Amino acid sequence: MSEVRKCLFPVAGLGTRFLPVTKEIPKEMLPLIDKPVIHYGVEEAVASGCRQIIFITGRGKRALEDYFDRSYELEQFLKERNKEDLYNLILSISSLADFAYVRQPEPLGLGHAILCAEPFCSEPFAVILTDDVIISSKPVLRQLLDVREKLGGSVIALERVPHEETERYGIVDARLYSDNVYQINDLVEKPSKDKAPSDLAIIGRYILSPTIFAHIRNIDRGEGGEYQLTDALRSLAREEPLWGVVYDGDRLDCGTKMGWFKSIIKRGLQDPELKEVVLEVLREEEYKE
Ligand code: G1P
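All figures in this text were calculated on a predicted structure; none of them were measured in a lab.

Participant: I keep staring at the packing of aromatic side chains and nothing clicks. Help me out?
Facilitator: Working definition: an aromatic ring pair is given by the centre-to-centre distance plus the angle between the planes. Counted by the stated rule, this structure contains nine aromatic pairs. Ring geometry for Tyr-67 versus Phe-68: centroids 5.0 Å apart, planes at 90°, classification edge-to-face. Clustering of aromatic rings is evident, with ring pairs tying together Phe-9, Phe-55, Tyr-67, Phe-68, Phe-99 and Tyr-101. We note Lys-35 situated over the ring of Tyr-40; from NZ or CZ to the ring centre the distance is 4.7 Å. Over the face of the ring belonging to Phe-77 we find Arg-81, whose NZ or CZ atom lies 3.9 Å from the ring centre.

In structure tokens, the structure reads:
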């Protein structure tokens, strides 16, 4: 079975949930403590064995491209001042992987974004949606790749969500295959709680067979007037095996203002030094009340 080496990152979205800050800063560049959110996703892809990173990007995303590029002036500056640790840190970002960029000329949805990378994906490939940062001992993409190595086909990450939240996710109709692996029969993008076929939600990690492109080309515009990857997967699942893995890990939802803020506090509490600062602020505020 061919190895999965490429990971796509659809990052052309306008980030309207975070306006005004995303007027000039890509939402993927918002920091989670001292690293931008996108950095965590790229680290996960690399730790899972994907050395080729393809960003599907659009207007106003230059900061993201620059972040993963060499920064000659900064490197020189740090070197001349013998700041070796910082120098190595900066250099390590651009050498994380091989980076390439494809443009999505119009914001027509996740399915359409993936289709923009078709000329570069003739082998199975991975997709990471950066809104979800997942902290886990084994990278989630690696958990999916392990299942693909055993069962073949395409594989997506799943998580059980409260019934009231089904309309925020793609939801699957699936049959338990073994332990945490499900065989997927059907998928619905963002159903209301009474229309959801289960409480198993798609979380932004996918291993896809290139046959997905033909399915994307055949779907109509779906939820939100966009070409939805979920609808293409629904069509694919009728012809090929599609597996779902209830992953093991702690998800930080950085796709909304509230989720992102909560994620910062959570990460802060996981860091011994920052934990003290968070608790100190809470104590001070409590004292005022
Ligand atoms: C996308 C997918 C959806 C999935 C979600 C996971 O939606 O379309 O199926 O459940 O990511 O985060 P988005 O959150 O981009 O609207």
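Participant: In this structure, what is going on with the pairing of strand S4 (residues 52–57)? I would like to understand it.
Facilitator: Side chains on a regular strand alternate between the two faces of the sheet. Most of S4 sits out of view: five of its six residues are buried. Where strand S1 (residues 6–10) meets S4, five bridges bridge the pair, whose relative direction is parallel. Note on S4: the bridge partner recorded for Cys-7 is Ile-53. Sheet analysis places S4 next to strand S5 (residues 98–103), joined by six bridges and oriented parallel.

Participant: It is not clear to me how the site of the ligand should be interpreted in this structure. Could you clarify?
Facilitator: If you check the shell around the ligand, you find Leu-129, Asp-132, Tyr-169, Gly-170, Glu-189, Lys-190, Ile-202, Gly-204, Tyr-206, Gln-228 and Thr-230 and nothing else. Within the contact set of the ligand, an oxygen atom lies 2.7 Å away from a side-chain nitrogen or oxygen of Glu-189. In the environment of the ligand, an oxygen atom lies 2.6 Å from a nitrogen or oxygen atom belonging to the backbone of Ile-202. When the free accessible area of the ligand is taken as 380 Å², the share hidden by the protein chains comes to 82%. Here the element with the most residues in the shell around the ligand is strand S11 (residues 200–208); it accounts for three residues.

Participant: Teacher, can you tell me more about the packing of helix H3 (residues 72–80) against helix H4 (residues 84–94) here?
Facilitator: Think of two packed helices as two axes; the pair is described by the angle between the axes and how far apart they sit. Where H3 meets H4, the closest approach of the two axes is 8 Å, and the angle between their N-to-C directions is 160°. By the angle between their axes, H3 is roughly antiparallel relative to H4. Classified by chirality, the crossing of H4 by H3 is left-handed. Within the contact between the two elements, H3 uses Leu-74, Glu-75, Leu-78 and Lys-79 and H4 uses Leu-86, Tyr-87, Ile-90 and Leu-91.

Participant: Teacher, can you tell me more about the packing of helix H9 (residues 257–270) against helix H10 (residues 272–288) here?
Facilitator: Two elements in contact, H9 and H10, have axes whose closest approach is 5 Å; the angle formed by their N-to-C orientations is 120°. It follows from the interaxial angle that H9 and H10 lie oblique. Across the interface between the two elements, Ile-265, Gly-268, Leu-269 and Gln-270 from H9 touch Pro-272, Leu-274, Lys-275, Val-278 and Leu-279 from H10. Taken together, the residues of the contact of H9 with H10 break down into six nonpolar, two polar and one charged.

Participant: Looking at this model, I keep getting lost on the side chain of Gln-143. Mind explaining?
Facilitator: You can see Gln-143 is positioned in helix H6 (residues 140–151). With residues near it in sequence (within four places) discarded, Gln-143 still touches Ser-136, Lys-138, Tyr-247 and Asp-248.

So, how was this worked out
- Residues numbered from 1 in each chain as written.
- Predicted model: local features only at pLDDT ≥ 70, side-chain atom pairs only at ≥ 80, totals over all residues.
- Heavy atoms only, no water.
- Phe/Tyr/Trp six-rings, centres within 6.5 Å; stacked < 30°, edge-to-face > 60°.
- Lys NZ or Arg CZ within 6 Å of the ring centre and 35° of its normal.
- Buried < 20%, exposed > 50% of the residue type's maximum accessible area, 1.4 Å probe, protein only.
- Helix = DSSP H or I, 4+ residues; strand = E, 2+ residues; numbered from the N terminus.
- Pairing = 2+ DSSP bridges.
- Near = heavy atom within 4 Å.
- Polar contact = N/O pair within 3.5 Å; in protein donor to acceptor, adjacent residues only side chain to side chain.
- Areas by Shrake-Rupley, 256 points an atom, 1.4 Å probe, with all protein chains shown as cover.
- Axes fitted to C-alpha atoms, helices over the stretch in contact; angles between N-to-C directions.
- Parallel < 35°, antiparallel > 145°, perpendicular 65-115°, else oblique.
- Left-handed = near helix turned anticlockwise from the far one by under 90°.
- Contact = heavy atoms within 4.5 Å.
- Nonpolar A, V, L, I, M, F, W, Y, C, P; charged D, E, K, R; others polar.

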